[in-house]
Each structure stands twice: as structure tokens, then as C-alpha cells.
Amino acid sequence: MIKRIKNALSFLRKPVRDARREFNGQLLERQREDVFVLLHQQMGGMN
């Protein structure tokens, strides 16, 4: 039983990724624009 628990929790000790992730500027811009639109929609509804 303890062995099963250790195997189930072993993923916590392993790093998710060894390779560095590349910066995705397009994704950042798209998300920034989405947040900007949502913010203005919410602020407009408060008037």
C-alpha cells in the first residue's frame, strides 16, 4: 500500500520540464488584448 502511494506521489518530485520554454509574444499580446476588452466591459457596466 505504501508503495502505491509513493508511486502516485512520485510526480511531485520530478521537474515538470527540463527544457526552457520559449517566450510566446503573440500569445501574450492576445491575452493582454482580451483582458483589456473585458476590463473595459466591466468598467462600462458600473456606470
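This write-up is about the structure you can find in this document. Note that the structure is a prediction, hence the values are computed from the model and not measured.

Quick word on helix α2 (residues 25-44)
Look at α2: 28 Å from first C-alpha to last across 20 residues, which is about the 28 Å you get at 1.5 Å a residue. With a side-chain oxygen lying 3.3 Å from the backbone nitrogen of Q26, the N-terminal cap of α2 falls on N24.

Describing a nonpolar patch on the surface
Residues M1, I5 and L9 make up a contiguous nonpolar surface patch of about 340 Å² in total accessible area. Mapped onto the elements of the fold, L9 is located in helix α1 (residues 2-9). Under the relative-accessibility criterion, L9 is labelled partly exposed at 43%.

Parameters at a glance
- Residues numbered from 1 in each chain as written.
- Predicted model: local features only at pLDDT ≥ 70, side-chain atom pairs only at ≥ 80, totals over all residues.
- Heavy atoms only, no water.
- Helix = DSSP H or I, 4+ residues; strand = E, 2+ residues; numbered from the N terminus.
- Expected span 1.5 Å × (residues − 1).
- Polar contact = N/O pair within 3.5 Å; in protein donor to acceptor, adjacent residues only side chain to side chain.
- Patch = residues over 30% accessible without salt bridge, like charges linked within 9 Å, V, L, I, M, F, W, Y side chains within 5 Å.
- Areas by Shrake-Rupley, 256 points an atom, 1.4 Å probe, with all protein chains shown as cover.
- Salt bridge = Lys/Arg side-chain N within 4 Å of Asp/Glu carboxyl O.
- Buried < 20%, exposed > 50% of the residue type's maximum accessible area, 1.4 Å probe, protein only.

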